[in-house]
Amino acid sequence: MQRSPHFGGLTPFEWRRLRALKDPRGIQKALDAMPYHFAETVWSPRRVLRHRTAHCLEGAIFATAALRVLGFPPLLLDLEAVQDMDHVIAIFRLRGGWGAIGKSSHSGLRYREPVYRTLRELAMSYFDVYINLRRERTLRAYSRPVNLAAFDRRHPGWMACHADLWWIPEHLVEVPHVRLLTPAMERALSRVDQRALEAALVGHEKHRTTGNATEVGRRH
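Cut-offs and rules
- Residues numbered from 1 in each chain as written.
- Predicted model: local features only at pLDDT ≥ 70, side-chain atom pairs only at ≥ 80, totals over all residues.
- Heavy atoms only, no water.
- Helix = DSSP H or I, 4+ residues; strand = E, 2+ residues; numbered from the N terminus.
- Buried < 20%, exposed > 50% of the residue type's maximum accessible area, 1.4 Å probe, protein only.
- Contact = heavy atoms within 4.5 Å.
- Phe/Tyr/Trp six-rings, centres within 6.5 Å; stacked < 30°, edge-to-face > 60°.
- Lys NZ or Arg CZ within 6 Å of the ring centre and 35° of its normal.

Regarding the overall build of the chain
Step number 1: Secondary structure summary: the chain contains eight helices and nine strands in total.
Step number 2: Expressed as a percentage of the 220 residues in the chain, the buried residues total 50%.
Step number 3: For the chain, the proportion of contacts with a sequence separation of at least 24, taken over those separated by at least 6, is 62%.

Some words on helix H6 (residues 167-174)
Step number 1: Listed as buried for H6 are Trp167, Ile168, Pro169 and Leu172.
Step number 2: Where the residues of H6 are buried, they touch helix H4 (56-69), strand E1 (75-81), strand E2 (87-94), strand E6 (146-147) and strand E7 (177-179).

Describing the packing of aromatic side chains
Step number 1: Summed over all chains, the structure comprises four aromatic pairs.
Step number 2: On the basis of an interplanar angle of 50° and a centroid distance of 4.8 Å, the ring pair of Tyr36 and Phe38 is categorised as tilted. Note on accessibility: Tyr36 and Phe38 belong to one class, buried.
Step number 3: Geometrically, the ring pair formed by Phe72 and Phe92 is edge-to-face, given 6.0 Å between the ring centres and 75° between the ring planes. One end of the pair, Phe72, is in the loop between H4 and E1; the other, Phe92, is in strand E2, with 20 residues separating them in the sequence.
Step number 4: The class of Phe92 is buried, set by a relative accessible area of 1%.
Step number 5: Taken together, Phe72, Phe92 and Tyr111 form an aromatic cluster joined through their ring pairs.
Step number 6: Residue placement shows Arg25 over the ring face of Tyr111; its charged tip is 4.8 Å from the ring centre.

These values are about where atoms sit, not about what they do.
So, in structure tokens, the structure goes:
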């Protein structure tokens, strides 16, 4: 097997493991099979592949690397919330529609089929299931897509790096975001009922504290 110009430091064996996921749905299945990683880390795709665990951000970064191996651009999208944690997803376009891959302990914040015509449509598909424990709908904005390939020169080998990739969330904070609601819409929002909250919490795992690190973690 010839080494691809986009190996990014991955070994041929690691490259083949990512190619074996075959398509975006296969990437999502791989993430779903991984236990949720409660830790204040930003592991590279190589570390996720080796440890077989990830949290929201690490899962999204892993998905961008897998998408890249399959011929898609490695795109991240940040979903910004109030009174809640942000959620990061990997996005892809297929047959003219946008789809998404996500790692979450909430079942509703994961995969989206590539049927959304715009990124706004895609982001809004998460709105009704993006709920905090006070039963509030908290999603407010989405970022412009971030193509991690743009960082290949500044952060060579990021897909196989052994150090945490803190520069990725730091960059996401600075990326312009598009508001989803007007102030009047936000003020008029009602709280969801208990059934909706329980449905949103399917798959939710409580945060833990281990060793010398407090796993405040990511809600999503």
